[in-house]
Amino acid sequence: MSTSEKSGYHHGDLRAALLTTAMRMLEAGEPFSLRAIAREAGVSPTAPYRHFADRDALESALAAQGLRDLKVDLAEGRTPPESPRDLAELAVTYVAFALRRPALFRLMFGNACDGGSEERVQAAAEIHELLRAAMVRVFPSGDAEALAAAGWALAHGLAYLHLDGKLPATSSGEVADRVRAAFAAILC
């Protein structure tokens, strides 16, 4: 099988093919560079530079896609939260995403948001707005910005504590129960 058959790139959307290849390599734990991604996608070594100025630009695009994927997980098939218990379920989903896609999660949050990447800034803003709106629904008289920051910080901290093995768990159910208990301790 040729590399272009592996990646599925057939002279269509090169940017999408490069991002798909980079995401696969990232999540498989393979080291990647623009050259390695070009090789895997079956395109010339200079082709990625038509879409990404450098590796940082590629990583910002991957982080933006990760944020969009996270937003889908947080919103899909869910009614807007109406209780602290519902907020805890958002946090369970957030932590589960981190544990399911650890390399991407670390890339998404491992460095400052690239202000030069409009798509990454927009994707991060959409996550923030989703969390802010959830807090407003549950705590209409509260400070929505402060509550969104606190809820995100708690979920994010729990995600990293689990990723880093500081809060070991033997099952996803144990992780979910711990996240629910932490939210209940703070919000209830």
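All of the points below concern the structure found in this document. (Residues numbered from 1 in each chain as written. Predicted model: local features only at pLDDT ≥ 70, side-chain atom pairs only at ≥ 80, totals over all residues. Heavy atoms only, no water.)

Thoughts on the nonpolar core
Line of reasoning, step 1. Formed by 57 residues in total, the largest nonpolar core has its most connected members in Leu58, Leu62, Tyr94, Phe105, Val179 and Phe183.
Line of reasoning, step 2. Per element, the largest residue contribution to this core is 9 residues, and it comes from helix H5 (residues 84-100).
Line of reasoning, step 3. Valine 179 has contacts with Ala88, Ala91, Val92, Val95 and Leu158, leaving out every residue within four places of it along the chain. (Core = buried A, V, L, I, M, F, W, Y, C linked by side-chain atoms within 4.5 Å. Buried < 20%, exposed > 50% of the residue type's maximum accessible area, 1.4 Å probe, protein only. Helix = DSSP H or I, 4+ residues; strand = E, 2+ residues; numbered from the N terminus. Contact = heavy atoms within 4.5 Å.)

Quick notes on the packing of aromatic side chains
The relation between two aromatic rings is expressed through the spacing of the ring centres and the mutual angle of the planes.
Line of reasoning, step 1. On inspection of all chains with the given rule, the structure shows 5 aromatic pairs.
Line of reasoning, step 2. Aromatic pair tyrosine 94 and phenylalanine 105: ring centres 5.5 Å apart, planes at 85°, arrangement edge-to-face. In this pair, tyrosine 94 is assigned in helix H5 and phenylalanine 105 in helix H6 (residues 102-109), connecting sequence segments 11 residues apart.
Line of reasoning, step 3. Three or more aromatic residues joined by ring pairs make a cluster, and in this case those are Tyr94, Phe105, Phe109, Trp152 and Tyr160.
Line of reasoning, step 4. The positively charged end of arginine 55 is found above the aromatic ring belonging to phenylalanine 32, 4.3 Å away from the centroid. (Phe/Tyr/Trp six-rings, centres within 6.5 Å; stacked < 30°, edge-to-face > 60°. Lys NZ or Arg CZ within 6 Å of the ring centre and 35° of its normal.)

Topic: the environment of histidine 128
Line of reasoning, step 1. With respect to the secondary-structure elements, histidine 128 resides in helix H7 (residues 118-138).
Line of reasoning, step 2. It is 9.0 Å that separates the C-alpha atoms of histidine 128 and glutamate 145, two residues lying 17 residues apart in sequence.
Line of reasoning, step 3. Side-chain polar atoms of histidine 128 contact the side chain of glutamate 145, separated by 3.1 Å. (Polar contact = N/O pair within 3.5 Å; in protein donor to acceptor, adjacent residues only side chain to side chain.)

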